[in-house]
Amino acid sequence: MADIVAISSDLLLGSKIEAMLTAAGHNITLASTLAAAPIEGADLVVADLDAENPEALANFDVPVLGYYSHVNAETKQAADAAGIAQAVPRSRMARELPDLVAGLLD
């Protein structure tokens, strides 16, 4: 079980992330912005890279699973350049979230 912070300004998607990761046995804290997210003490952050700056997320000493709209190739490039642990299209994140999280926590 891990303490995970999910950052999503989309309430519906945030609720889906919370439900999927809670079902996988994790403790989830949902925040609408990075500024409102309690990153300290988290084991992992799941964040919307279309809404949050990848460089700001990479400043924390915690792995980040970022997701983005598949049409935003620049967002993926920015995430990779910033050192985000893993950045995937939103559709993949929605399908594979528990497995992606497990891979980053190992």
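Residues numbered from 1 in each chain as written. Predicted model: local features only at pLDDT ≥ 70, side-chain atom pairs only at ≥ 80, totals over all residues. Heavy atoms only, no water.

1. Things to note about the overall build of the protein
Reasoning step 1: Looking only at helices and strands, the protein has four helices and five strands in total.
Reasoning step 2: Walking the protein from its N terminus toward its C terminus, one meets helices and strands in the order β-α-β-β-α-β-α-β-α.
Reasoning step 3: By the compact-globule yardstick of 13 Å for 106 residues, the protein fits well, its C-alpha radius of gyration being 12 Å.
Reasoning step 4: If you take every contact in the protein between residues at least 6 apart in sequence, the share linking residues at least 24 apart comes to 52%.
Reasoning step 5: Taken together, the 5 basic and 15 acidic charged side chains of the protein have centroids lying 11 Å from each other. (Helix = DSSP H or I, 4+ residues; strand = E, 2+ residues; numbered from the N terminus. Rg over C-alpha atoms; globule rule 2.2 N^0.38 Å. Contact = heavy atoms within 4.5 Å. Lys, Arg positive; Asp, Glu negative; His and termini not counted. Charge placed at Lys NZ, Arg CZ, Asp CG, Glu CD.)

2. Observations regarding the pairing of strand 2 (residues 27-31)
Reasoning step 1: For strand 1 (residues 3-7) and strand 2, the ladder comprises five bridges, and the chain directions are parallel. Bridge pairing links A6 to L30 in strand 2.
Reasoning step 2: Handedness of the crossover joining strand 1 and strand 2 through helix 1 (residues 11-23): right-handed. (Pairing = 2+ DSSP bridges. Right-handed = clockwise from strand over helix to strand, strands pointing away.)

3. Things to note about the pairing of strand 3 (residues 44-48)
Reasoning step 1: Strand 3 sits mainly inside the fold: five of its five residues count as buried.
Reasoning step 2: Residues L44, V46 and D48 point to one face of strand 3 and V45 and A47 to the other, with burial holding for every one of them.
Reasoning step 3: Relative to strand 3, strand 1 is paired through four bridges, and the arrangement is parallel. Along strand 3, the bridge assignment pairs I4 with L44.
Reasoning step 4: For strand 3 and strand 4 (residues 64-68), the ladder comprises four bridges, and the chain directions are parallel. (Buried < 20%, exposed > 50% of the residue type's maximum accessible area, 1.4 Å probe, protein only.)

4. A closer look at the sheet that holds strand 2
Reasoning step 1: Taken together, the five strands give an open sheet; going across it, the order is 2-1-3-4-5, and neighbouring strands pair in parallel fashion. Lying at the two open borders of the sheet, with one neighbouring strand each, are strand 2 and strand 5 (86-89). Across the sheet, the mean angle from the axis of one strand to that of its neighbour is 20 degrees, orientation sign disregarded.
Reasoning step 2: Note: strand 4 against strand 5, four bridges, orientation parallel. Across the sheet, residue Y68 finds its bridge partner in strand 5, namely P89.
Reasoning step 3: The sheet strands contacting helix 4 (residues 90-105) are strand 1, strand 3, strand 4 and strand 5, and the helix crosses strand 5 at an angle near 160 degrees. (Axes fitted to C-alpha atoms, helices over the stretch in contact; angles between N-to-C directions.)

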